[in-house]
Each structure stands twice: as C-alpha cells, then as structure tokens.
Amino acid sequence: GLFVWRRRSTGIWQIPCQFVHLCHVANNRLITFQYFNFLKRMYVTQYNKDLSQQAKPKSDSIVSPFHELQQLDQEKNVVPNISPVSSVCQSWSETSSRNELREMTSAAETEDSVTPVGAESKEDRQWKEMKLQLDNLPGILARLSKIKLTALVVSTASAGFAMAPVPFELTCFLLASLGTGLASCAANSINQFFEVPFDSNMNRTKNRPLVRGQISPLLAVCFAASCGIPGIALLTMGVNPLTGSLGAFNIFLYTCCYTPLKRMSIANTWVGAVVGAIPPVMGWTAATGSLDAGALLLGGILYSWQFPHFNALSWGLREDYSRGGYCMMSVTHPGLCRRVALRHCLALIGLSTMAPVLDITTWTFPIISLPINLYISYLGFRFYRDADRSSSRKLFFCSLWHLPMLLLVMFTCKKSALEKEDKGDLLGESQERAMEIRLP
Amino acid sequence: PPAHSHSDWIGPPDKHSNLRPIIFYVPPEESALERRLREARQEAQASNQRFWALHNRAFHQEKEEFIYSRLKAKGLEMRDESGRKVTLNAEEMAEFYKDFLSKNLKKHLQYNRDWYKRNFTITFLMGQVALMRALRWLRRRKKNVEQ
C-alpha cells in the first residue's frame, strides 16, 4: 500500500488526502467505500506548512490534468500582475464600502508582498480572477461532484443490482447506474455548496472548487439541479418509481439531514450510515422492482460497515472536527465511538450469516467470509481496547479492503436461479434442505 | 487585481480565518439589484471573517493554555532540552477537543443558522442578477437586430 501517514510540524497527523477525501467530515456521501485497488492508484497528497506546496496526486482521475492546466494558465495571467497589486489594491479597496474589508485585504496584501517570491509564485498564494474558465470546467465539476466518491457509490449500487435474483438486463443496469451517479453528483454538489466556510477551515477540504472561488455558488446549484433532476427522472421513468423515490430520498437525506446535522449532533453518523446503505438497495430495486429482504440485508451490511470505517477514520481528525465545530462521536463520546465500531463489526458476522437464510447466497458465503469478518472484528476489538492512533489506522485500512472483498465473495456465492430450482446436488447446502430433498 | 479587470478577484486564504478574501468589482452602471448582491456578499464575507478569525484565535490560545497547564501539572516545561515545543499525546489533547467543542456548540448553531440564511439569500440574488443580465442582453440584441 502507498498510504503513508505523515506527521506535520505541529504534531498533528494527516491522513492521506484521498482517504480523507472520501471521509466524512463535511463531505461525502458518508464516507462510503473505497476499493483498495482503486486507492492503490492514488498517491498521498501532503500538506507541508512551511513550503505551502501541494504535491499533486498522481491519480488517473480526470482531475489532475485540468488542475495542472489551470495552474499554468493562471500563473501566466497573474504573475505579471503581482507587482502592481499593492498599489492597485489601494484604489480597489477604496471602492469597497466596508472598513473591515479594506483592512483585511490590505493585511492580506502586505502579507503577500512580504512573503518571498518563491512562495508567491505558488498557485495557492496568488490572487485569482473569479471568472469561469471553460476549459477547466470539467475538472472543476468533477471535484464539485466528488466524482471518485460517486464512482464508488455507483459500484455499490451495481453490487446491489448484481446480487438481485433476477436475470441480468444490461439496459436496466446501465440506466440504474447512470441515474444513481447523477443523483450522487447532485447530492455532493449541494453538500459542498452548504459547507464553504467549514471546508475552508479543514485541511482535507480546503481545496474544493467553491472554497477556491473557481465556480460561483449559483453555478454549483444549477449544476446540482441539472444532475439531480435528470438523474431522478431517469431512475423513476427508465427504471422504476421505487428506485427513483429512493434516489430522491437519499439526496434529501444527505443534503438536508446529514449535512446540517453534522454540526448539531452526533446522530449524523447514523443518518450518514443510512445514506451509504441506500445505493445497494437502489441497485436491487432497480433489478427486481421490489424492496425485499435481500435488498434490506445488503443495505444492512453496508450500514454496519460504515461504522468501523468512519469511526476509525474520525479518530485521527479530532482536532479539525473540534475546531470546525463538527459534532462527531470521536470528539464528544470517544467510548461510544469505539463501542459502536466494534458492535457493528460483529454485526457484520451476523448479517453475513443471514444471507443464506434469506436465500441470497449459498451457505459457503458465511463460511468463507468468516475469516475476514473475524479479522475486522478483531481489529475493532483492538481499537476498542487500545483507543490509539495505530489501532484506528489498522481498522480503517482493513475496512477499505474488507468491503470489496465481502461483496465479491457474496457475488461468487450468489445463489443462481438454477440452483434454487434444481434440488439436486448443491454444495454447501444446509442440513434441512438436504433432509427436504431426501424426503419423498 | 489589475485596474482594467471586470471581474471579482479572490485571494489566498487569510491567516486567521482560513477564508479567501474577495475583492468585488463595481461596474460603472451597477443596477440596484447588483448593488444589493455585492453588498450582501461583502457583508457575509466580513461576518464570516470576523467569526472564524476570532474562533480560530480562541482555539489556538486555549489549546496553548491547556498544554501549558497540563505540562505544568506534570512538572514539565513548554520546551524540552533541544528547544523544541513539547506536545501532549492525542489522548490528552482529546479532552481539550471535547471540551472546546461542547463550549462552542451554541455559538456554532447560531453561526450555522446565520450562514445558511446568508448563503441562500446570496445565491438567490445571484440568480436574479443572472436573469436580469440575460434579459438585458437579449433586449440589446433585439435592438441591434432592429437597427
């Protein structure tokens, strides 16, 4: 793995940006799931206070090329303007009506003029024109919609679709995935729209498009609407109304419940876990058109998974949460934080056992998944007992590969329609079923 | 920002508030609506700046005080032999974070309400201004076509 935890000069440790990116606070659709191989392609982004330099993430996402382009463009535009800025700023500040604003800008200006030329030429320290650059727009929108997180959400929805006990229909699958993706983009954009000043104050999120003024709030809202409305419409009319309503409900839950709740009470984590659990349910309902036990079980597995994942991650972000005013268990109720994480690790074992009972998978599934579930429970227990940085890290990293592996095993153990009909020799059958067959 | 520019300029994050200041462009023929928008944005900016600068300063100050008092209770100094600052471990700091968060919760709730209100107002005004500008542009084009 390429995930490195670096100690900053103040002694506060910084989680690799990409994780943090997928993590909770002020973002995401719940900290959903990161697929390990997906992550392997990403490098750590480091924030070094002294150099104020940002190592570019060497991911194969579409974000980085645009990011670099933008830097070049803006350095060209702004560098010639740096020197006359201090004098021009005086005339500009006179036009602004507020004293405070004047003081603030002149203070910012003197700060800038004092810093050495090397630092000034760094993209972060420059004054930028707030004009929409069309060639950067795709990159900006990708970051606004948290495209990587959206991709993960869509893959969990696909997992839900794949696990549904119906013959696979490609068009339905594609429509459901597209609709879910659009809904996720919309929800993420609105979330960023709501959280601008908080995002600016947290290290993980301070480079978001709205924070940096690369896009106006109006445009962000319009983008969200232009993703959300077609997305939900697609789900409702192209797939089925149940999936559409689940999608709409999830957007509402994320933007109007989870996001404000983050700053009000620790209940946000539970709400967030539901938000993460809904996409696979949507995938299932897209395939079958009904909300049956299998969908709920899959949702339940994802719901339980959120807790060890998020609680472990949030353990390291306590300072930022505290300063930013976010109510998270790791800050206010640390004991509860660890208890809940452990509880849900154990719940995963229980839920995996339920899968064959509900006829979704064969009995090989709980047997094969037992080792990985036991391992994550063990790490959860260690986290519970030790409550330190290393145990929280271990638990978090485990959760990253645990989920994809669990879903994969689940898929391979999926009970095919043929198996259900054929009462002949089934591997890993339960005793009762074997008895049933032998009876006349 | 250069004198000839017709757009707003956004700067690097402020040292205290971590917010990026914006210098707003005042067009020569600013309509009443546009002025309302600009003023709303300036007010929001000032208010946010005030809040976060004070809040962050309080945080750092209280953090220092906490570390100092804890170190003193342990009989240690702020700086060790090599002159580096002594830090408390994460578990000890956690107490401070919990305390700080609960102390400031009410302040945050108030700020949240304020911020959401401002954000919606500003975005709505932006929408109105955009609409107005679009209509104005269409009218001008129609006039040009007629001429």
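Cut-off values and rules
- Residues numbered from 1 in each chain as written.
- Chains lettered and ligands numbered in written order.
- Predicted model: local features only at pLDDT ≥ 70, side-chain atom pairs only at ≥ 80, totals over all residues.
- Heavy atoms only, no water.
- Helix = DSSP H or I, 4+ residues; strand = E, 2+ residues; numbered from the N terminus.
- Buried < 20%, exposed > 50% of the residue type's maximum accessible area, 1.4 Å probe, protein only.
- Contact = heavy atoms within 4.5 Å.
- Areas by Shrake-Rupley, 256 points an atom, 1.4 Å probe, with all protein chains shown as cover.
- Core = buried A, V, L, I, M, F, W, Y, C linked by side-chain atoms within 4.5 Å.
- Domains from an automatic or database assignment.
- UniProt positions renumbered as here; feature names shortened; annotations may be inferred.
- Buried area = accessible area lost by both parts, 1.4 Å probe.
- Polar contact = N/O pair within 3.5 Å; in protein donor to acceptor, adjacent residues only side chain to side chain.
- Nonpolar A, V, L, I, M, F, W, Y, C, P; charged D, E, K, R; others polar.
- pLDDT = per-residue confidence, 0-100.

Participant: What is the right way to read the overall build of chain A from this model?
Facilitator: Counting secondary structure elements, chain A contains 22 helices and five strands. Out of the 440 residues in chain A, the part that is buried amounts to 57%. Considering only intrachain contacts with a sequence separation of at least 6, the fraction spanning at least 24 residues in chain A is 74%. Taken as a whole, chain A presents about 17700 Å² of accessible surface, with 65% of it coming from carbon and sulfur.

Participant: Which parts of the structure should I look at to understand the nonpolar core?
Facilitator: For soluble globular proteins, nonpolar side chains are generally found buried alongside one another. Ranked by internal contacts, the top residues of the largest apolar core, which has 76 residues, are Leu210(A), Trp284(A), Tyr321(A), Phe365(A), Met410(A), Met93(B) and Phe96(B). The greatest single-element share of this core, amounting to 10 residues, is contributed by helix H9 (residues 170-194) of chain A. If you count residues domain by domain, this core takes at least three from each of domain 1 (138-289) and domain 2 (292-416) of chain A. Not counting residues within four places of it along the chain, the set of residues in contact with Leu210(A) comprises Leu144(A), Gln192(A), Phe193(A), Val196(A), Ile215(A), Ser216(A), Pro217(A) and Ala220(A). Listed in part, the 21 residues of the second largest apolar core include Ala312(A), Val340(A), Phe383(A) and Leu400(A).

Participant: Help me understand the UniProt feature "transmembrane region" (unreviewed entry) in chain A, please; the structure alone is not making it clear to me.
Facilitator: Residues and elements named next belong to chain A. Within this structure's numbering, the places UniProt gives as "transmembrane region" (unreviewed entry) are residues 242-261, 268-287, 363-383 and 395-412. With 95% helix and 0% strand, the stretch residues 363-383 has end C-alpha atoms that lie 30 Å from each other. Counted over residues 395-412, helix gives 100% and strand 0%. Its end C-alpha atoms are 25 Å apart.

Participant: Even after reading the chapter, I still don't get unusual backbone geometry, so can you show me in this structure?
Facilitator: Excluding glycine, most residues fall at negative phi; most peptide bonds, likewise, are trans. A positive phi is found at Asp359(A), a non-glycine position, where the angle reads about 70°. Inspection of the secondary structure assignment puts Asp359(A) in the loop between helix H18 (334-357) and helix H19 (364-386). For Asp359(A), a relative accessible area of 24% gives the class partly exposed. Unusually for a residue other than glycine, Asn18(B) sits at a positive phi of about 65°. Summarising the element assignment, Asn18(B) is placed in the loop between strand E1 (9-10) and strand E2 (22-23). Overall, Asn18(B) belongs to the partly exposed group, its relative accessible area being 22%.

Participant: For this particular structure, what's the right way to read the domain arrangement of chain A?
Facilitator: Quite often, the size of an interface is put as the accessible area lost when its parts meet. All names here are of chain A. We note that the domain assignment places domain 1 (138-289) and domain 2 (292-416) within chain A. When each unit is reduced to the centre of its C-alpha atoms, the spacing between domain 1 and domain 2 is 21 Å. Taken together, the contact pairs 29 residues of domain 1 with 31 residues of domain 2. Here domain 1 and domain 2 share an interface that buries about 2600 Å² over both sides, 70% of which is from carbon and sulfur atoms. The tally of links between domain 1 and domain 2 comes to eight residue pairs in polar contact (both at pLDDT 80 or more). Mapped by element, the contributors of at least two residues to the side of domain 1 that touches domain 2 are helix H8 (147-163), helix H10 (196-201) and helix H14 (268-288). Looking at the side of domain 1 that touches domain 2 element by element, the count peaks at 11 residues for H14. Taken together, the residues of the side of domain 1 that touches domain 2 break down into 16 nonpolar, nine polar and four charged.

Participant: Any chance you could explain the environment of His108(B) here in plain terms?
Facilitator: Looking at where His108(B) falls in the secondary structure, it is placed in helix H2 (residues 90-146). Take His108(B): its relative accessible area is 0%, and that puts it in the buried class. Along the backbone, His108(B) and Arg36(B) are 72 residues apart, and their C-alpha atoms lie at a distance of 27 Å. Among residues more than four places away in sequence, those in contact with His108(B) are Arg263(A), Arg323(A), Gly324(A), Gly325(A), Phe51(B), Trp52(B) and His55(B). At 3.1 Å, the side chain of His108(B) and the side chain of Arg263(A) are in polar contact.

Participant: Explanation requested: the confidence of the model for chain A in the structure shown.
Facilitator: A low pLDDT score tells you not to read the predicted coordinates there in detail. Put simply, chain A has an average pLDDT of 75, and 66% of its residues get 70 or more. Taken as a whole, residues 423-428 of chain A scores under 50 in pLDDT and shows five contacts with residues more than four places along the chain or in a different chain.

Participant: Explain the environment of Ser314(A) to me, please; I cannot follow it from the model alone.
Facilitator: All names here are of chain A. Looking at where Ser314 falls in the secondary structure, it is placed in helix H15 (residues 293-315). Along the backbone, Ser314 and Met329 are 15 residues apart, and their C-alpha atoms lie at a distance of 8.3 Å. If we skip the residues at most four places from it in the chain, Ser314 touches Tyr321, Ser330 and Cys337.

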